[in-house]
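Each chain, written out:
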Amino acid sequence: MNRLALSGALAIVVAGTASVVLWRRSHEGTPPQFQTASEAPVAASSAPPSFTGWSDPAKVGKPYGEKVPGLLTFRGNPTRTYYGTGPLPRSQPSEKWKFPRTGSMCSTSVDEKGPSQWCGSGWTGQPAVFEREGRTWVVFGAYDRKVHFLDAGTGEQILPDFPTGDIIKGSVTVDPDGYPIVYTGSRDNYYRAIAIDRNPPVELWKLSADAVKPTKWNNDWDGSGLVIDDYLFEGGENSQFHIVKLNRGYDANGKVTLAPRLVFNTPGWDDQLLKDIGHGNVSIENSVAIVRDVVYFANSGGLVQGWDLSGLKQGRAPTRVFRFWTGDDTDATIVADEQGMLYVGSEYEKQSARSKEVGQMMKLDPSKPDNPLVWKLDDRPRVPAGIWGTPALYKDLVIFDTTGGDVHGIDRATGTVRWTLRLPSGQVWQSPVVIDGVLVIGDCLGDLRAYDVSDTAKPPGPLWTLKVGGCIESTPAVWKGRMYVGTRAGAFHAIAA
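Residues numbered from 1 in each chain as written. Predicted model: local features only at pLDDT ≥ 70, side-chain atom pairs only at ≥ 80, totals over all residues. Heavy atoms only, no water.

Asks: Explanation requested: the sheet that holds strand β10 (residues 146–151) in the structure shown.
Replies: One key point about sheets: their strands pair by backbone hydrogen bonds, in either a parallel or an antiparallel sense. Here we have 5 strands laid out as an open sheet, ordered β4-β8-β9-β10-β11, and antiparallel in their pairing. Either end of the sheet is taken by a strand with one partner, and the two such strands are β4 (70–71) and β11 (157–163). Direction of pairing for strand β8 (residues 128–132) relative to strand β9 (residues 135–141): antiparallel, over a ladder of 5 bridges. Bridge pairing in β9 places alanine 128 opposite valine 139. (Pairing = 2+ DSSP bridges. Helix = DSSP H or I, 4+ residues; strand = E, 2+ residues; numbered from the N terminus.)

As structure tokens, this is what we get:
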């Protein structure tokens, strides 16, 4: 193996100023890049933590930390298994407010198909809902190129919109440690940290999709980042996975500060994947998940990876400990259960032999890296088919939807189909939400539907249907029984009994 000398530089933009950080190649091909970050002082604790790794599997299904009450990131926590607090209504709810009250959130964006108008919010688009200074906030990015900061009770703006240079497709993340920071990506090339302790909100830092080399595909940021112990973990459509040491703090005036440093990045692909798929679309569009000391993510080439983070704080580079190929575009976020098992949904577009072999919903056991497939479910009635939405865990079930409109309840242990719902829209990309025995799922006819799944052995009974209007691709956030969701029709809605 050839060892390469210093061979390039990357630029990180901090408060609008580019600073140069050197990176070093240490392996053949397209290797990870790593640089040790100086550690910020850690306050002493009176009681040692019961778990010493990055993400305790015992907290599957529980909130993201204890410092900020709320739903703070896509699917709520590092294992992507927390959906908010109920009770969800069992009788017909209604719209309490919508934003904006007149007009629509729209803008023009250019992709590989050319310019087109985008309205509202779409996949994944889940808002954050959280408590701050005696008020419940709702924060989300939308297709009008803005991050919005609303009062959850009234829909009134708490802060002015924060503008970006292009549409925002993914879900924001709110700092789980109480720092007044919102993290979000945009199609304008940047992943940002925005301070919300001042009016108007202020950009503290942004990471360019071109800050690392090599890159593939494009410069969008769909994934919802995770912040744990002052480190930010984020994958990009530049096809790279990034770790940033944030170095959060406060200035003399009590305003939040950052001194970020990119300490690790690695391609989301490898040479074998490029050989197997025959194209370069290997973007990371899902949100990374972390269980124990391993971070997991997948890409549009179908490569699922796990990287060991156990030595990160001591200055040791993460190492890859898990590799699995689904055979097709895998944009749904990986979900981990209490045993560290992974639930991976994949699309069916390329009609590859591999995707026919391993199916479109998979349960993987990463402790058996040579043969991790526990069970699989096929979904290939047409092309395209498969799964865009992120699965939900509820009791002994994994619940997920297909782009063809089916919603399945699967026995988590065996992979047996317990029940299937057929939605009439013909396209479902939303991630299902399950709280206290109530399943909520939206479709592209603009209907939000609820079902009783409290008895997991029985087929779900319908509870209600609410016509919201516009394709509902975004995943609802639920907090204290109230639902918040945007649609492709251009508006954002608060819904409750």
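Structure's up, so let's keep going.
Asks: Honestly, the packing of aromatic side chains in this entry has me stumped. Any pointers?
Replies: Note on aromatic pairs: each is described by the distance of the centres and the angle between the planes. Applying the stated rule across the entire model yields 15 aromatic pairs. For the ring pair tryptophan 54 and phenylalanine 233, a centre distance of 5.4 Å and an interplane angle of 85° mean the geometry is edge-to-face. With tryptophan 54 in the loop between β3 (33–34) and β4 and phenylalanine 233 in strand β17 (residues 231–235), this residue pair connects regions lying 179 residues apart in the sequence. Each of the two residues, tryptophan 54 as well as phenylalanine 233, counts as buried. Clustering of aromatic rings is evident, with ring pairs tying together Trp97, Phe140, Tyr484 and Phe492. Sitting over the ring of tryptophan 118, arginine 187 keeps its end group 4.8 Å from the ring centre. We note lysine 245 situated over the ring of tyrosine 231; from NZ or CZ to the ring centre the distance is 5.5 Å. (Phe/Tyr/Trp six-rings, centres within 6.5 Å; stacked < 30°, edge-to-face > 60°. Buried < 20%, exposed > 50% of the residue type's maximum accessible area, 1.4 Å probe, protein only. Lys NZ or Arg CZ within 6 Å of the ring centre and 35° of its normal.)

Asks: Where do I start with the side chain of asparagine 286 in this structure?
Replies: Positionally, asparagine 286 belongs in the loop between α1 (271–277) and β22 (289–291). Judged by relative accessible area, which is 1%, asparagine 286 ranks as buried. Separated by 3.4 Å, the side chain of asparagine 286 and the backbone oxygen of alanine 298 make a polar contact. Within the local environment of asparagine 286, its side chain forms a polar contact with the backbone oxygen of alanine 332, the two atoms lying 3.4 Å apart. Those residues within four positions of asparagine 286 in sequence are excluded, and the remaining contacts are Gly223, Phe297, Ala298, Thr330, Asp331, Ala332 and Thr333. (Polar contact = N/O pair within 3.5 Å; in protein donor to acceptor, adjacent residues only side chain to side chain. Contact = heavy atoms within 4.5 Å.)

Asks: Would you mind going over the environment of glycine 386 with me for this structure?
Replies: By secondary structure assignment, the location of glycine 386 is in strand β31 (residues 385–386). Taking the C-alpha atoms as reference points, glycine 386 and lysine 59, 327 residues apart in sequence, are found 29 Å from one another. Apart from residues lying up to four places away in sequence, glycine 386 is in contact with Ser346, Glu347, Tyr348, Gln360, Asp379, Thr402 and Thr403.

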